[in-house]
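Overview (structure and organization)
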Amino acid sequence: MAVPLFDLTRQYATLRAEIEPAVCELLALGNYVLGPAVDEFENGAANFLHSAHAIGVANGTDALMLALRAINLQPGDEVITTPFTFYSAAEVVALLGAKPVFVDIEEDTFNIDPAQIEAAITLRTKAIIPVHLFGHPADMPAIMAIARKHDLRVIEDCAQSWGAILDGQQTGTWGDAGTFSFFPTKNLGSCGEGGLICSDDAKLAEKSRQLRVHGQSQRYIYDELGYNSRLHALQATILSIKLRHVDSWNDARRKHAAHYAQLLAGTPYVVPAERDGARHIYHQYTLRLPRSLDRDRISAKLTERGIGHAIYYPRSLHLQPVFADLGYETGDLPISERVTEEVLSLPIFPELREDEVEAVGAALCEAVADGG
Ligand SMILES: *Cc1c(COP(=O)(O)O)cnc(C)c1O
């Protein structure tokens, strides 16, 4: 049985009767830019997250960019972040003329290791960007304690963690701001592009709102250089509908993850950890393969059987060509470098069927039995 890595059409089929009339109504009303649809989604998002403010923007990368501008990040500042993630956080730090400083990760959660942050702090350090990678919360109590001690700002990259909880608190609400992405494959995904900033800080929220409309404080009065980065009303309409389902989708992801863990018990695959107090929402289900298994061969066998899978992520950010000028070398961040060679992500999405999870598990077990 072939199993896709993800299949957006299955979710759409379950929502079609809700989405199509709402989209048609918006099209007929003509409020395409900001307006009531965006207000409604922002209110729903703020309620869901238990955050005072939510600001819809064009995508998750812009959410990071605007949040960093809103904390007044300046050229020459340093921002501590993880090398094992999607590119955006480091990219926007560098685009703003600041310097990404990479700190190695915890091998079980794949998230930034708080125990290694303090050694990376200098007089120029302005902020920390933890990423709740694959939907597992980063160690926010430890990160916030360091931030308070050194007077640093914290922007949480929550692009993969909508609805993930740590110690009863949503990711995105620990630091100064949380940033989200609604790229279609995210666990709360739009039908195009979208992003959001949440914050309890009224000033930060106000500045983010201005920055998304060119830095405009009143109509046609510009206080500073900004962006054209608005959440589209069509996407907001769809997201308001999806918001009502996302908790149950995250539950379904968790159920599939438990099923995988059961099927892979007793194999050499290292299944994802879930720390005490954490609600992992399994945006990705990412295994680690021991060195005794040849990842290329396992991957080829899965491909042969039509089992979707991916390597998130094959190259640590400190070793990306674009950051060569930062002077990092192979061996500098050994855990991040090692996991790039060990990880393998399996199909996980709410609409995945149990027999499909079993087919993936069986294909993996067979691949080991064949000698990896
Ligand atoms: C997807 C993603 C982003 C970027 O979101 P876009 O909406 O594609 O710009 C940022 N950070 C992480 C961790 C992501 O997974």
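These remarks concern the structure in this document. Since we're looking at a predicted model, the values are computed, not measured.

Cut-offs used in this document
- Residues numbered from 1 in each chain as written.
- Predicted model: local features only at pLDDT ≥ 70, side-chain atom pairs only at ≥ 80, totals over all residues.
- Heavy atoms only, no water.
- Buried < 20%, exposed > 50% of the residue type's maximum accessible area, 1.4 Å probe, protein only.
- Helix = DSSP H or I, 4+ residues; strand = E, 2+ residues; numbered from the N terminus.
- Pairing = 2+ DSSP bridges.
- Lys, Arg positive; Asp, Glu negative; His and termini not counted.
- Salt bridge = Lys/Arg side-chain N within 4 Å of Asp/Glu carboxyl O.
- Polar contact = N/O pair within 3.5 Å; in protein donor to acceptor, adjacent residues only side chain to side chain.
- Contact = heavy atoms within 4.5 Å.
- Near = heavy atom within 4 Å.
- Areas by Shrake-Rupley, 256 points an atom, 1.4 Å probe, with all protein chains shown as cover.
- Nonpolar A, V, L, I, M, F, W, Y, C, P; charged D, E, K, R; others polar.
- Phe/Tyr/Trp six-rings, centres within 6.5 Å; stacked < 30°, edge-to-face > 60°.
- Lys NZ or Arg CZ within 6 Å of the ring centre and 35° of its normal.
- Axes fitted to C-alpha atoms, helices over the stretch in contact; angles between N-to-C directions.
- Parallel < 35°, antiparallel > 145°, perpendicular 65-115°, else oblique.
- Left-handed = near helix turned anticlockwise from the far one by under 90°.
- Patch = residues over 30% accessible without salt bridge, like charges linked within 9 Å, V, L, I, M, F, W, Y side chains within 5 Å.

Our focus in this paragraph is the pairing of strand β14 (residues 343–346). The two faces of β14 match: Val-343 and Ser-345 on one face and Leu-344 and Leu-346 on the other face are all buried. As paired strands, strand β13 (residues 285–288) and β14 are joined by four bridges and run antiparallel to one another. Across the sheet, residue Leu-287 finds its bridge partner in β14, namely Leu-344.

Okay, the side chain of Asp-77 next. Relative to the helices and strands, Asp-77 resides in the loop between α3 (60–70) and β2 (78–81). At 4.8 Å, Lys-126 is the nearest oppositely charged side chain to Asp-77, a buried residue that forms no salt bridge. A polar side-chain atom of Asp-77 sits 2.7 Å from the main-chain amide nitrogen of Gln-74. Once residues within four sequence positions are removed from consideration, Asp-77 is found in contact with Asn-72, Ala-98, Lys-99, Arg-124 and Lys-126.

Here we come to the site of the ligand. Around the ligand, the neighbouring residues are Asn-59, Gly-60, Thr-61, Thr-85, Phe-86, Ser-88, Val-131, Asp-157, Ala-159, Gln-160, Ser-181 and Lys-186. For the ligand, an oxygen atom lies 2.8 Å from a polar atom in the side chain of Gln-160. Note that an oxygen atom of the ligand is positioned 2.6 Å from one of the side-chain N or O atoms of Ser-181. Protein burial of the ligand: of its 380 Å² of free accessible surface, 93% is covered by the chains. Here the residues of the shell around the ligand are counted per class, giving three nonpolar, seven polar and two charged.

As a further point, take the packing of aromatic side chains. Summed over the entire model, instances satisfying the criterion amount to 15 aromatic pairs. A centroid spacing of 5.4 Å and a plane angle of 40° characterise the contact between Phe-48 and Trp-162, whose relative ring orientation is tilted. Pair noted here: Phe-48 is in helix α2 (residues 36–49) and Trp-162 is in the loop between β5 (153–157) and β6 (165–166), with a separation of 114 residues, a long-range link. Note on accessibility: Phe-48 and Trp-162 belong to one class, buried. A centroid spacing of 6.1 Å and a plane angle of 55° characterise the contact between Tyr-87 and Phe-323, whose relative ring orientation is tilted. Here Tyr-87 is found in the loop between β2 and α4 (88–95), whereas its partner Phe-323 is found in the loop between α9 (295–304) and α10 (334–342), with 236 residues between them in sequence. Classification of Tyr-87 as partly exposed rests on a relative accessible area of 29%. Lying over the aromatic face of Phe-86, Lys-186 brings its terminal NZ or CZ to 6.0 Å of the ring centre.

Let's shift gears to the pattern of salt bridges. A full pass over the atoms with the stated rule returns 24 salt bridges. Note that Glu-224 is salt-bridged to Arg-69, the shortest N-O span being 3.7 Å. With a gap of 155 residues between them, Glu-224 in the loop between β11 (221–222) and α7 (233–243) and Arg-69 in helix α3 connect regions that are remote in the sequence. Using a relative accessible area of 25% as the deciding quantity, one classes Glu-224 as partly exposed. Taking the relative accessible area as the measure of exposure, Arg-69 reaches 16% and is therefore buried. Taking the shortest distance from any N to any O, the salt bridge between Lys-207 and Glu-224 comes out at 3.5 Å. A residue pair is termed long-range when its members are at least 10 positions apart, and Lys-207 in helix α6 (residues 202–211) and Glu-224 in the loop between β11 and α7 qualify at 17 residues. A network of salt bridges, in which partner residues are shared, links Asp-7, Arg-10, Arg-353, Asp-355 and Glu-356.

At their nearest, the axes of α9 and helix α11 (residues 354–369) sit 10 Å apart, and the two run at 135° to each other. One finds that α9 runs oblique with respect to α11. By crossing handedness, the relation of α9 to α11 is classed as right-handed. Where α9 approaches α11, its residues Ile-298, Lys-301 and Leu-302 are matched on the opposing element by Ala-363, Leu-364 and Ala-367. Its residues placed into classes, the contact of α9 with α11 shows five nonpolar, no polar and one charged.

Attention shifts here to the sheet that holds strand β7 (residues 169–170). Spatially, β7-β6-β12 is the arrangement adopted by the three strands of the open sheet, whose pairing is antiparallel. Of all strands in the sheet, those bounded by a partner on one side alone are β7 and β12 (278–279).

The next point concerns the side chain of Glu-42. Looking at where Glu-42 falls in the secondary structure, it is placed in helix α2. Take Glu-42: its relative accessible area is 4%, and that puts it in the buried class. Those residues in contact with Glu-42 that lie beyond four places of it in its chain are Ala-54, Ile-55, Gly-56, Arg-209 and Arg-212.

Together, Leu-27, Tyr-32 and Val-33 give the surface a local cluster of nonpolar side chains, amounting to about 280 Å² of exposed area. Summarising the element assignment, Tyr-32 is placed in the loop between α1 (8–29) and α2. Judged by its relative accessible area of 37%, Tyr-32 falls in the partly exposed class.

Treat this as a map of the structure, not an account of what it does.
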